[in-house]
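Listed here are the chains, written in short residue letters.
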Amino acid sequence: MKISASLEQNKKQAYEIFPVGKSFDLITRDLYLGKSRAWFLGINGMCKTEVLQEIFSDLQNPIFTDNESIQSISLYMASKIGYAQAELTDDWDVIVTSVLSGPSILFVDGFDHAILLDTRTYPARSISEPETERVTMGARDGFVETMLFNANLIRRRIRNPRLTFAVKSVGTDSRTDVAITYIDGYVDNGLLEKIQTALEQLNVTSLTMGAKSLEELLVHRKWYHPLPSIQQTQRPDVACSYLMEGNILLLVDNSPAALILPSTIFQFTQSPEDYYKSPVVGSYSRLLRFCCIFISLLLLPVFLLVGSYFPEIADTLSLFPIEHPGSRLLLYTLFAELALDLFQYSAAHSPSSYSGALSIVGGLILSDAAIDLHWVSLEVMFYAAATLLASLALSSTAFSEGLRCYRIFLLLMTGFLGIVGFLTGCLLVLLSILTTPSFAGKSFFWPLYPFNKEALSTLFFRRPTYMAQPSHIWKRERKNQIGQNKHR
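For clarity, every value in this text was computed on a predicted model and none was experimentally measured.

J.: Give me the pairing of strand β4 (residues 104–108): which residues, what numbers.
T.: Judged by how many residues are buried, β4 sits mostly within the fold: five of five residues are covered. Alternating positions in β4 separate into two faces, Ser104, Leu106 and Val108 on one and Ile105 and Phe107 on the other, with burial throughout. Note that strand β2 (residues 36–43) and β4 share four bridges and pair antiparallel. Within β4, the residue paired with alanine 38 across the bridge is valine 108. Examined bridge by bridge, β4 and strand β5 (residues 114–117) share four bridges and lie antiparallel to one another. In the sheet register, isoleucine 105 faces β5, and the bridge partner there is leucine 116.

J.: Give me the lowdown on the nonpolar core, citing residues and values where you can.
T.: If you look at the biggest cluster of nonpolar residues, it comprises 22 residues, and the most contacted ones within it are Ile195, Leu199, Leu214, Leu218 and Leu250. Where this core is concerned, the elements lending two or more residues are β7 (176–183), α7 (189–200), α8 (211–218), β9 (248–252) and β10 (258–261). Broken down by element, this core gets its largest block of residues, four residues, from α7. Leave out the neighbours within four places in its chain, and leucine 199 touches Lys168, Val170, Val178, Ile180, Leu214, Leu218 and Leu250. By size, the runner-up hydrophobic cluster in this structure holds 20 residues, among which are Phe266, Leu394, Phe399 and Tyr406.

J.: So what's going on with the environment of valine 281? Which residues, and what values?
T.: Along the chain, valine 281 turns up in helix α10 (residues 279–309). Counting along the chain gives 181 residues from valine 281 to arginine 462, while the straight-line C-alpha distance between them is 8.5 Å.

J.: Lay out the packing of helix α6 (residues 147–157) against helix α9 (residues 236–244) with the relevant residues and their values.
T.: The interhelical angle for the contact between α6 and α9, taken along N-to-C directions, is 60°, at an axis separation of 10 Å. On the basis of the axis angle, α6 is oblique to α9. Considering how the two elements wind past one another, α6 and α9 form a crossing that is right-handed. In this structure, α6 uses Leu153, Ile154 and Arg157 to contact α9, whose residues at the interface are Pro236, Asp237, Cys240 and Leu243. Grouping the constituent residues of the contact of α6 with α9 by class yields five nonpolar, no polar and two charged.

J.: An account of helix α16 (residues 453–460) is requested, with residue identities and associated values reported.
T.: Among all positions of α16, only Ala455, Leu456, Thr458 and Leu459 are buried. Seen along its axis, α16 keeps its buried residues to an arc of 155°; they face one direction.

J.: Now, about a nonpolar patch on the surface: what can you tell me, with residues and values included?
T.: A cluster of nonpolar side chains, namely Tyr309, Phe310, Ile313, Leu317, Ile419, Val420 and Leu423, defines an oily patch on the protein surface of about 630 Å² accessible area. With three residues, helix α15 (residues 397–434) is the single largest residue contributor to the nonpolar patch. Structurally, tyrosine 309 can be placed in helix α10.

Each value, and the rule that gives it
All residue numbers here refer to positions counted from 1 along the written sequence of the relevant chain. Reporting of local features is limited, given that this is a predicted model, to residues whose pLDDT is at least 70; pairs of side-chain atoms are given and counted only at 80 or more, and all residues count toward the totals for whole chains, interfaces and linings. Calculation of side-chain values draws on the structure's entire complement of heavy atoms; hydrogens and water are dropped beforehand. Under the scheme applied here, a residue whose accessible area is under 20% of the maximum for its type counts as buried, over 50% as exposed, and between as partly exposed, the area being computed with a 1.4 Å probe on protein chains only. Note on conventions: DSSP H or I runs of at least 4 residues are helices, E runs of at least 2 residues are strands, and numbering of each starts at the N terminus. Criterion used throughout: strands pair if DSSP finds at least two bridges between them. The nonpolar core is taken to be a set of buried Ala, Val, Leu, Ile, Met, Phe, Trp, Tyr and Cys residues, with the residues joined through side-chain atoms within 4.5 Å. Here, two residues are considered to be in contact whenever any of their heavy atoms come within 4.5 Å of each other. An axis is simply a line fitted to the C-alpha atoms; with a helix, the fit covers only the stretch in contact. Between two such axes, the angle follows the N-to-C directions and lies from 0 to 180 degrees. If an angle is under 35 degrees, it is roughly parallel; if it is over 145, roughly antiparallel; if it lies from 65 to 115, roughly perpendicular; otherwise it is oblique. In this scheme the handedness of a crossing depends on how the near helix is turned from the far one: anticlockwise by less than a right angle means left-handed, clockwise means right-handed. For this scheme, ten residues count as nonpolar: Ala, Val, Leu, Ile, Met, Phe, Trp, Tyr, Cys and Pro. Four count as charged, namely Asp, Glu, Lys and Arg, and the remainder, Gly too, count as polar. This arc is taken over the directions from the axis of the helix to the C-beta atoms. Within this analysis, patches are made of residues with over 30% relative accessible area and no salt bridge. Like charges are joined at 9 Å or less; nonpolar side chains (Val, Leu, Ile, Met, Phe, Trp, Tyr) at 5 Å or less. For the accessible areas, the method is Shrake-Rupley and the probe is 1.4 Å, while residue cover comes only from the protein chains on display. We count a salt bridge whenever a side-chain nitrogen from Lys or Arg sits within 4 Å of a carboxyl oxygen from Asp or Glu.

Structure representation (structure tokens):
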């Protein structure tokens, strides 16, 4: 709907759209710009008051107005408003979206265009290192809930003129800004078009949980697919490394994380810590992390299988040197699994001043009491603790929690059906992993399938920086490099 040339008509329309006078955070102001009447509308707290005060002071300065009426609003804006982020619009939809996003609007009587003043400011926390992606060395900054700040963190690291942040609005009610971030010339244009089309076709009222809601809207998973399909990161250095490899990032306003597309299962096993160490130490850490995947998934189920159904092997391996729990082993194992998960969640969601004490209480007092009360055995607690350590060693908490669901399923199958249940459970888990969906049908197991030897080797071994450049690994032609060669 187009705005009217009548100021009164525009004010009436604004009162019908916005709860002016009812909502305390909506601010309005009647102004005179020379002899021309004007009306201002904005949201208190999202407008920089000092900047607006300077703009209005200049517009009402007798030196500039000279008691004359405005003849051309475009010429008036170009000559009188020195603020950089100002533009004209005649669309009410643009005005509504802009005002609710932070910019303010200035209507001038006699003109069917209004002036948008982007003086917005958002409440924002300070930039700090993400809790779930800590490193012993390296950068200490992380994404925050303000999308503009996140874009600046990326732009600071990649000063490529082809770096692009294309903004889309998602959600009929929330109208959340989503920035499609990519480097032109590095990105797969086919994948880029699919992402743009998918965002435009999303039929959703709001992104309630930010990036997580967008992830579930882009990739529809069944209940038997607990592993994540899209990787998230809160570290700008990690995000930039994927951008340089030709991936696409999705930055969601109000969410301190970036979605990485396309994503593969191997991305969830990598950590930025590997690249802040020497190649040998980084390779060792990476291989150890791969081993932790199988330890986290299979250690407890195998222990339950051997202890319950193969007592001779259990005696040979001295799994139960004191007292064999017999039929109670399944209950012991499930209790230990659920108890350690409970302590893990409690420590994660407790204030930092309490988490250390909670870990000590849970690890020493309660576990010892549970053993004395015969709710669990010492051997089961040991293997459960080893499983928990292996899970915590994984860099992605979402991937680790997916493995936990698989592990509990294997425990139940093994406890009730023995060796047949264990083998059947492993087969079903493998089938679930193989059928995990990914965005746009991209292979979830690349570079294993389709096979790429050089890319696969970089997943298992940390290469030196001079050998790990994307141009060497992916053998992808770069448009900007081609352009530079032509000018030489």
